[in-house]
Amino acid sequence: MISVLGAIFSVIGAGLAVMIVQFLMEMLKISHIPATLALPLVGHLYHPGAPMVMKFLSVMRRRHGKIFAFWPGNSPMIVVMEPKCVRQILTDTKTFIKGADYSNKFALVFGEGLVTSNGDKHRGDRGCLSKFFVRGAIEKYMDFMVQETQLMIQETMVPANGKEIDLQEFFHMLALRVFGYFAAGHDYSKDPEAKWINHCVSNGSNIIGEHIVLGLPVWGFIPRIKSLKADVAKMHQHVEKLIQAREKQRSEAKPDWVEPEDPLKGMLDAKMSRKEMYEQFTTLLSAGHDTTAFFGCYMAYLLASHPEVQQKVKDEVKEVLGDRTDIKPEDAKKMTYTANVMKEVLRLYTVIPFVNRTTVKDVNLRENNMKIPSGTTCLVPLCLMNRDPDVWEDPNEFRPERFEGLGISDNSAKHGYLPFGYGSRTCIGNTLALIEGNIMFALLMQKLTFKKVEDFKPKITAGISLVSSNGIRVRVELD
Ligand code: HEM
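Going along each chain's sequence as written, the residues are numbered from 1 onward. With pLDDT at 70 or above as the cut-off, local features in this predicted model cover only qualifying residues; side-chain atom pairs require 80 or more to be listed or tallied, and sums for whole chains, interfaces and linings still use all residues. Think of the side-chain values as coming from all heavy atoms in the structure, minus any hydrogens and water.

**Considering the UniProt feature "binding site: heme" (unreviewed entry) in the protein chain**
Point 1. UniProt annotation of "binding site: heme" (unreviewed entry) refers to Cys 427 when read in the numbering used here.
Point 2. Note that Cys 427 resides in the loop between helix H16 (382–385) and helix H17 (430–447).
Point 3. Burial classification: accessible surface area is computed with a 1.4 Å probe over protein chains only, and a residue below 20% of its type maximum counts as buried, one above 50% as exposed, and the rest as partly exposed. Cys 427 gets classed as partly exposed once you look at its relative accessible area, which sits at 31%.
Point 4. Residue contacts follow a heavy-atom distance rule, with two residues in contact if any of their heavy atoms lie within 4.5 Å. When sequence neighbours within four positions are dropped, the list of residues in contact with Cys 427 reads Arg 126 and Phe 420. UniProt positions are given in the numbering used here, feature names are shortened, and annotations may be inferred rather than shown by experiment. Here a strand is any run of E in DSSP of at least two residues, a helix any run of H or I of at least four, and the numbering for each starts at the N terminus.

**Overview of the packing of aromatic side chains**
Point 1. Classification of ring pairs uses Phe, Tyr and Trp, with its six-membered ring standing for Trp, and accepts pairs whose centres are within 6.5 Å; under 30 degrees between planes counts as stacked, over 60 as edge-to-face, and the remaining range as tilted. Taken as a whole, this structure holds 18 aromatic pairs when the rule is applied.
Point 2. A ring pair is formed by Phe 294 and Tyr 298, whose centres lie 5.6 Å apart and whose planes are at 35 degrees; its orientation type is tilted. Placement of both Phe 294 and Tyr 298 in helix H12 (residues 274–305) is noted, with a separation of four residues, approximately one turn of the helix.
Point 3. Ring geometry for Trp 392 versus Tyr 417: centroids 6.0 Å apart, planes at 70 degrees, classification edge-to-face. Placement of Trp 392 in the loop between H16 and H17 and of Tyr 417 in the loop between H16 and H17 is noted, with a sequence separation of 25 residues between them. Just as Trp 392 is buried, Tyr 417 falls in that class too.

**Describing the pairing of strand E2 (residues 77–80)**
Point 1. With burial as the criterion, each face of E2 is covered, one bearing Met 77 and Val 79 and the other bearing Ile 78 and Val 80.
Point 2. Two strands are said to pair when DSSP picks up at least two bridges between them. Pairing between strand E1 (residues 67–70) and E2: four bridges, direction antiparallel. Across the sheet, the residue bridging to Phe 70 is Met 77, located in E2.
Point 3. The turn joining E1 and E2, which pair antiparallel and follow one another in sequence, is formed by six residues.
Point 4. In this sheet, strand E8 (residues 377–380) lies alongside E2 in parallel orientation, the contact comprising three bridges. Residue pairing across strands places Val 79 opposite Leu 379, the latter belonging to E8.

**With respect to the site of the ligand**
Point 1. One heavy atom within 4 Å of a molecule or strand makes the whole residue count as near it. For the ligand, the set of nearby residues contains 28 residues, the closest of which are His 122, Arg 126, Arg 357, Arg 425 and Cys 427.
Point 2. Separating an oxygen atom of the ligand from a side-chain N or O atom of His 122 is a distance of 2.6 Å.
Point 3. Elements represented by at least two residues in the shell around the ligand include exactly helix H5 (119–129), H12, strand E5 (355–359) and H17.
Point 4. Among the elements that make up the shell around the ligand, the one with the highest residue count is H12 (six residues).
Point 5. When residue character is reported, Ala, Val, Leu, Ile, Met, Phe, Trp, Tyr, Cys and Pro are called nonpolar, Asp, Glu, Lys and Arg charged, and the others, Gly included, polar. For the shell around the ligand, a count of residues per class yields 18 nonpolar, six polar and four charged. Polar contacts, as counted here, are pairs of nitrogen or oxygen atoms within 3.5 Å of one another; within protein the pair requires one atom able to donate a hydrogen and one able to accept it, and residues that are adjacent in sequence qualify only if both atoms are side-chain atoms.

**Looking at empty space enclosed by the protein**
Point 1. Residues are said to line a cavity or pocket when one of their atoms sits within 4 Å of a point; the points come from a 1 Å grid over protein atoms alone, cavities being sets where a 1.4 Å probe fits but cannot get out and pockets being open sets with protein on both sides within 12 Å along at least five of seven lines. Grid points are joined across faces, edges and corners, and a volume is the space filled by probe spheres set on the points. In this structure the tally under the stated criterion is two cavities of 30 Å³ or more.
Point 2. Val 109, Cys 200, Val 201, Gly 204, Leu 228, Asp 231, Val 232, Met 235, Thr 282 and Ser 286 together form the lining of the second largest cavity.
Point 3. Secondary structure elements with two or more residues in the lining of the second largest cavity: helix H9 (194–213), helix H10 (223–251) and H12.
Point 4. A per-element tally of the lining of the second largest cavity places H10 first, with four residues.

**A word on the side chain of Asp 231**
Point 1. Tracing the sequence through the fold places Asp 231 in helix H10.
Point 2. Here the positive residues are Lys and Arg and the negative ones are Asp and Glu; neither His nor the chain ends is included. For salt bridges, the criterion is a side-chain nitrogen of Lys or Arg within 4 Å of an Asp or Glu carboxyl oxygen. No salt bridge is formed by the buried Asp 231, whose closest oppositely charged neighbour, Lys 234, lies at an N-O distance of 5.9 Å.
Point 3. Beyond its immediate chain neighbours, meaning those up to four positions away, Asp 231 contacts Trp 196, Cys 200 and Asn 203.

**Some details on the pairing of E8**
The side chains of a regular strand alternate, first on one face of the sheet and then on the other.
Point 1. Burial along E8 is two-sided: the residues Thr 377 and Leu 379 and Cys 378 and Val 380 are all buried.
Point 2. Of the pairings in the sheet, the one linking E5 to E8 comprises four bridges and is antiparallel in character. Bridging across to E8, Thr 358 finds its partner in Thr 377.

**Examining the environment of Ala 433**
Point 1. Turning to its location among the elements, Ala 433 is positioned in helix H17.
Point 2. Distance in space between the C-alpha atoms of Ala 433 and Leu 228 is 26 Å, their sequence separation being 205 residues.
Point 3. If we ignore the near neighbours within four places in the chain, the residues touching Ala 433 are Thr 292, Phe 295 and Phe 420.

**A closer look at the sheet that holds strand E4 (residues 164–166)**
Point 1. Taken together, three strands build an open sheet; the order of strands is E4-E12-E9 and the sheet is antiparallel. One side of each edge strand has no neighbouring strand; the edge strands of this open sheet are E4 and strand E9 (448–452). In this sheet, adjacent strand axes meet at a mean angle of 45 degrees when their direction is disregarded.
Point 2. Direction of pairing for E9 relative to strand E12 (residues 473–478): antiparallel, over a ladder of five bridges. Each residue of the ladder has a partner; that of Leu 448, found in E12, is Leu 478.
Point 3. Interaxial angle, 0 to 180 degrees, is taken between N-to-C directions of lines fitted to C-alpha atoms, where a helix line uses only the stretch in contact. Across the sheet, H12 lies against E9 and E12, angled at about 75 degrees from E9, the strand it touches most.

**Some thoughts on the environment of Ser 130**
Point 1. Considering the arrangement of structural elements, one finds Ser 130 in the loop between H5 and helix H6 (135–139).
Point 2. The class of Ser 130 is partly exposed, set by a relative accessible area of 29%.
Point 3. For the pair Ser 130 and Gly 266, spaced 136 residues apart in sequence, the C-alpha separation works out to 9.6 Å.

Structure, rendered in structure tokens:
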């Protein structure tokens, strides 16, 4: 018995010794990069504020500047928020690749879809899918977006008149319905699986987010990981149904049937394998779901909290549309104040708060001449860059007017304003999300007013996306 215990302690002791040596070697490699004292095994997690990652990093930024080391455990990340260096990281995709967080953790849900793949696989798949996400292609779906938004307003907002509601369900369901029709001609309003898919996608994103941010393992025997894998398998069965429905339409097509020009068609035409299609579809759905839905939630919350901004949006919608609801591309272009509101929402609530890349060789960050060793993960905190006081006056204020005259479309590398990322891996769904946002809010603002719920404050947690664990509550008042 004693010898068994002795053996166990020796193995644990040897393991700890290896980890401490690894820690010291890593520390030596990045000793030229500013950092607060980190300890072996726990890194900065000994610090009570460290699990609140966003707050902790903003304190570190004040202490160390725009490039510093952060230790979420035994290995460091280099936090980079200097705009020119960020640009280098996000454009040099041969040196800065999507590393282990993507291939081990994200991949549990996303497989080898667009978000997680690298190199030729990524280039090929992006080439195959990007034509469906350009403005002209998306504008063809505007009538459908209008129709679904109106239906959802009727189903959810009208009965909520005078009441407080959590907006998550409205925006999640609307995002799902729009995505289903846009990506595969599928009508989620009639699909009993829609509720489950909503839950499954958000849950998956939260779990993966937590495991990435806190550096937790994703071993298959952990109950929540086991159940996540089961959910992903069920999601693949759901995608199989969508593929079979389209294959049936193709095989039974009458001569006048015109197949929708959508991502599902793109995947079938490219003769992707079943596995590739499951992963790509799940990727698009997951990447576009919480993001679009929480973007809508935060916008409604900020409008409710700033009645003067809400009134200006209402006035603009009235001026451009009058009582019409058939929103056309030229209408959307005229709603410039609403566009600035959307930019300001994404600045304050950066829905994807962090992205990271791993170096495959030693590299110099040109702007600062700082060496980043091979195998290091660089963390780009888009959320903190968007509140950088060097760039934004009163960065925590909600002030859409600040975008007037800045000439910023949906991103600006110069300002470090990158809510949709940058370079060849920029969000493929950015135009879809913004057109959808414009339509949703034009129709909502024609019909109702969001009022602030006293004492409600969202409890923001930063996982893959910026979610609120206590929902987003507002009072709805029909006009
Ligand atoms: C407000 C809504 C959205 C925000 C804020 C957002 C944000 C982002 C960001 C920051 C990235 C870059 C990630 C990185 O560089 O590592 C990204 C990538 C991506 N997004 Fe979005 N996104 C949104 C909506 C959507 C939608 C609607 C879709 C699809 C239907 C989508 C699909 C994707 C995909 C597939 C990628 C990976 C692209 C690649 O690496 O080639 N996103 N998104």
